[in-house]
Every structure is written in C-alpha cells, then in structure tokens.
Amino acid sequence: MSTFADPIPQEARGWFARAEAWLDARGKGAWIAAMVLSFIFFWPVGLALLAYMIWSKKMFKSSCCAKRRFGHNTRSSGNTAFDAYKADTLRRLEDEQIAFESFLERLRDAKDKAEFDRFMDERGKSGTEAETQNA
C-alpha cells in the first residue's frame, strides 16, 4: 500500500472516476447542474445521478469550494509576524465557534426540557381532572 495521497495516477482512473473528480473540484453546484442537464436530455441518467449523489452523500456535505478556500490558510505569507497573528486569530475563531456550538446545544437542551416539562404538567393536570370527574 502506498503512502501517497493519491496512489492511482490520473491516467489509470476510469472515465467515471475522472468525471467525479472533475465535478468534485467544482463543488456542489456542478453536481446539481449535471443532474438537471441529465434530466433534461435523458431522464434515466438524471435519476441515476440523483441516486448516486444521495447514496454517496454528496448532496449533504459542505461545498468542496469552501474546503478549498480555507485550505490555503496553512501557506506562509513570508511575513512571520503576520503568520503568527493569522494562526492566533484562526485558533481564537475556532475556539469561539466551538463555544458557540456548545451554547446552542445547551440552549436546545433547555428548550427541549422546558417543552417536556410543560407536556408533563399538562398531562398531569388532565389526569387529575379526569379522576375528579369520575369520583
């Protein structure tokens, strides 16, 4: 097994793998455009493409372009002070994002608990009302 990132050379790949790599390089919009065009010209191919996109989870991933855009953050600008500032800022932003996501999770949990408590209170009230009417 090879330790290279892409052990299969581009020439050795099949046409399908090359087409998939080409569409991946252009992002989710290219996949959607290919699907729409294939529905227009020959609907079974469009249906097959839609099934492939759902099966491979390409429809629900973040855009390839977004990954490519943020992947350039590791390159050095040549200015060490700026690179240190950039690394510190990115680290701080990632920490803030993690903190915000945990805050949202706690907020969702509190809302779910409040809704459940309200449901249980209403259920308890309707149960005691039914018991008093039967007695």
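Look above for the structure.
Note that residues are indexed from 1 along each chain, following the sequence as it is written. pLDDT decides what is reported in this predicted model: residues at 70 or higher carry local features, side-chain atom pairs at 80 or more are listed and counted, and totals for whole chains, interfaces and linings draw on all residues regardless. Excluded from the side-chain calculation are hydrogens and water; included are all heavy atoms of the structure.

### Topic: the packing of aromatic side chains
Stacked, tilted and edge-to-face are the three classes assigned to paired rings of Phe, Tyr and Trp, where Trp is represented by its six-membered ring and a pair needs centres within 6.5 Å; plane angles under 30 degrees give stacked, over 60 edge-to-face, the rest tilted. Evaluation of the coordinates by the stated rule reveals three aromatic pairs. Between tyrosine 52 and tryptophan 55, the ring centres sit 6.1 Å apart and the planes meet at 45 degrees, which makes this aromatic pair tilted. Of the two residues, tyrosine 52 and tryptophan 55 are both situated in helix H3 (residues 43–55); the distance of three residues between them amounts to about one turn of the helix. Each residue is assigned to one of three classes by its accessible area relative to the maximum for its type, calculated with a 1.4 Å probe on protein chains only: buried under 20%, partly exposed between the two thresholds, exposed over 50%. Judged by relative accessible area, which is 16%, tyrosine 52 ranks as buried. When its relative accessible area of 65% is taken as the criterion, tryptophan 55 is described as exposed. Following the ring pairs from residue to residue traces out a cluster consisting of Trp31, Tyr52 and Trp55. Secondary structure counts use DSSP, requiring at least four H or I residues in a row for a helix and at least two E residues in a row for a strand, with both numbered from the N terminus.

### Considering the side chain of aspartate 83
Mapped onto the elements, aspartate 83 comes out in helix H5 (residues 80–134). His is not counted, nor are the chain ends, whereas Lys and Arg count as positive and Asp and Glu as negative. Any Lys or Arg side-chain nitrogen found within 4 Å of a carboxyl oxygen on Asp or Glu counts as a salt bridge. Buried aspartate 83, no salt bridge; nearest opposite-charge side chain is lysine 86, N-O distance 4.6 Å. N or O atoms closer than or at 3.5 Å make up a polar contact, with two conditions inside protein: a donor-capable atom paired with an acceptor-capable one, and, for residues adjacent in sequence, both atoms drawn from side chains. Side chain to side chain, aspartate 83 and serine 77 meet in a polar contact 2.9 Å long. Any pair of residues with heavy atoms lying within 4.5 Å of one another is described as a contacting pair. Beyond its immediate sequence surroundings of up to four residues, aspartate 83 is in contact with Ser76, Ser77 and Gly78.

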